[in-house]
Amino acid sequence: MPLNREFIGREYPPLGATVTLDALQNYARAYNDENPRYFDSAGRGGIVAPPMFGVVVTWISVVAAVGDPELGADLLRLLHAEQDMEFLAPLLPGDEITTVARVASIEARPGGEAMTLELDSRNRAGAPVLRTLFGIFIRAARRDRDAAGRGERPVPPSGDPMLTVEQTIDHDQTFRYAEASGDRNPIHVDENVAKMAGLPGIVVHGLCTMAFTSKVMIDGLCGGDPMRLKRLRVQFSRPVFPGQSITTKVWAITNDLRVDAEAAERRAYAFETYNPEGMAVIRGGIAEIAP
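Residues numbered from 1 in each chain as written. Predicted model: local features only at pLDDT ≥ 70, side-chain atom pairs only at ≥ 80, totals over all residues. Heavy atoms only, no water.

Caption draft 1: Focus on the overall build of the chain. When helices and strands are counted, the chain shows seven helices and ten strands. A compact globule built from 291 residues would reach a C-alpha radius of gyration of about 19 Å, and the chain, at 18 Å, matches this within 12%. Taking the principal axes of its C-alpha atoms as reference, the chain extends roughly 55 × 45 × 40 Å. Among the 291 residues that make up the chain, the fraction classed as buried is 46%. Accessible surface computed for the chain: about 13900 Å², of which carbon and sulfur atoms make up 51%. A distance of 3 Å separates the average location of the 31 positive side-chain charges in the chain from that of its 38 negative side-chain charges. (Helix = DSSP H or I, 4+ residues; strand = E, 2+ residues; numbered from the N terminus. Rg over C-alpha atoms; globule rule 2.2 N^0.38 Å. Buried < 20%, exposed > 50% of the residue type's maximum accessible area, 1.4 Å probe, protein only. Areas by Shrake-Rupley, 256 points an atom, 1.4 Å probe, with all protein chains shown as cover. Lys, Arg positive; Asp, Glu negative; His and termini not counted. Charge placed at Lys NZ, Arg CZ, Asp CG, Glu CD.)

Caption draft 2: The arrangement of helix H6 (residues 206-221) in detail. Compared with the 22 Å implied by 1.5 Å per residue over 16 residues, the 22 Å span of H6 between its first and last C-alpha is a close match. Within H6, twelve of the 16 residues are buried, leaving the element largely enclosed by the surrounding structure. (Expected span 1.5 Å × (residues − 1).)

Caption draft 3: Layout of the pattern of salt bridges. Scanning the model with the defined rule gives 15 salt bridges in all. Arg 5 is the partner of Glu 113 in a salt bridge, and the nearest nitrogen-oxygen pair spans 3.4 Å. Within this pair, whereas Glu 113 is found in strand S4 (residues 112-122), its partner Arg 5 is found in the segment before strand S1 (15-18), the two being separated by 108 residues in sequence. Taking relative accessible area as the criterion, Glu 113 reaches 10% and is therefore assigned buried. Judged by its relative accessible area of 41%, Arg 5 falls in the partly exposed class. (Salt bridge = Lys/Arg side-chain N within 4 Å of Asp/Glu carboxyl O.)

Caption draft 4: Quick look at the packing of aromatic side chains. Under the counting rule described, the total for this entry stands at five aromatic pairs. Three or more aromatic residues link up through ring pairs in this structure, and these residues are Tyr 27, Tyr 31, Phe 53, Tyr 177 and Phe 212. One cation-aromatic arrangement involves Arg 10 over Phe 7; the distance from NZ or CZ to the ring centre is 3.8 Å. The ring of Tyr 274 carries Lys 249 above its face, with NZ or CZ at 5.6 Å from the centroid. (Phe/Tyr/Trp six-rings, centres within 6.5 Å; stacked < 30°, edge-to-face > 60°. Lys NZ or Arg CZ within 6 Å of the ring centre and 35° of its normal.)

Caption draft 5: Region of the structure containing the sheet that holds strand S10 (residues 280-289). The antiparallel open sheet is built from ten strands, whose spatial order is S1-S3-S4-S5-S2-S7-S10-S9-S8-S6. Only two strands of the sheet have a single partner each, and these edge strands are S1 and strand S6 (163-168). The sheet shows a mean angle of 20 degrees between the axes of neighbouring strands, taken without regard to direction. One ladder, built from six bridges, connects S6 with strand S8 (residues 245-252); its direction is antiparallel. In the sheet register, Glu 166 faces S8, and the bridge partner there is Thr 247. (Pairing = 2+ DSSP bridges. Axes fitted to C-alpha atoms, helices over the stretch in contact; angles between N-to-C directions.)

Caption draft 6: Region of the structure containing the nonpolar core. Within the largest apolar cluster, 68 residues are counted, with the highest numbers of intra-cluster contacts made by Tyr 27, Met 52, Phe 53, Leu 117, Met 217, Leu 229 and Leu 232. With nine residues, H6 is the largest single contributor of residues to this core. Dropping the residues within four chain positions of it, Leu 232 is found in contact with Met 52, Gln 83, Asp 84, Met 85, Phe 87, Met 210, Thr 213, Ser 214, Met 217, Phe 271, Ile 286 and Ala 287. (Core = buried A, V, L, I, M, F, W, Y, C linked by side-chain atoms within 4.5 Å. Contact = heavy atoms within 4.5 Å.)

Caption draft 7: Focus on the pairing of strand S5 (residues 128-139). Within S5, nine of the twelve residues are buried, leaving the element largely enclosed by the surrounding structure. Strand direction decides the pairing type here: strand S2 (residues 78-87) and S5, joined by nine bridges, are antiparallel. Counted as the bridge partner of Glu 86 is Arg 131 from S5. Alignment of S4 against S5, held across eleven bridges, turns out to be antiparallel. Opposite Leu 117, over in S5, you have Phe 134 as the bridge partner.

What follows is the structure, given as structure tokens:
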């Protein structure tokens, strides 16, 4: 059953979430990040949430929209395909964040249908703190999928990377991340359900893999300062499994064209992340870093 095209442009009521110290620290630990900015209140500027903690405060808005029965999304065939996050202001302990979700697009793609959900998050004062594009893909029935073939893939960067970082996914990573993020989709914690969905076993949350790459950018490009990471975009191309190592490679973008004055002050980088077999699990990655 196809997605309901009448939902294009539909905006959902605002939903709120509170940033708590325990929640932001548990989230950081869920992807193995011990950055002092998340834990040391005596440090300069005090404690801030990891930039990727934005997925926690927006999660109820994602669930409300994607899980809307009238939309018609088959959750067992749903893949999280893309995520684009612009970090406009830090999330601080005690912040009250309100998010409005809007269905930006629904379109046919080879092998199924794609939908983009736009999320606008603001703090108690009404100031924007986060803009997110959450892209999903609903796989068609197998007979249609096999006939449709694959869609276009981004061209990988060329030349030697300026930064290469290997990270290990813990065997219990999906269970910790599920609790810290609120994303308890059983394909991440239940072997039987994962196999029912056509997977070989439990898979790591795409957003958990993205959080690992955010650590690479903050440690390697931002001097450890999470507030310098202004944007992170990824396309999820292959599942990651507990116990695997992933390797992220980063390239500077030298021909980046900007229109927005604020964005023009940022330095842009391309990145991809690979599994132990050298196959990309994240393609088309973009990170934007403030001076």
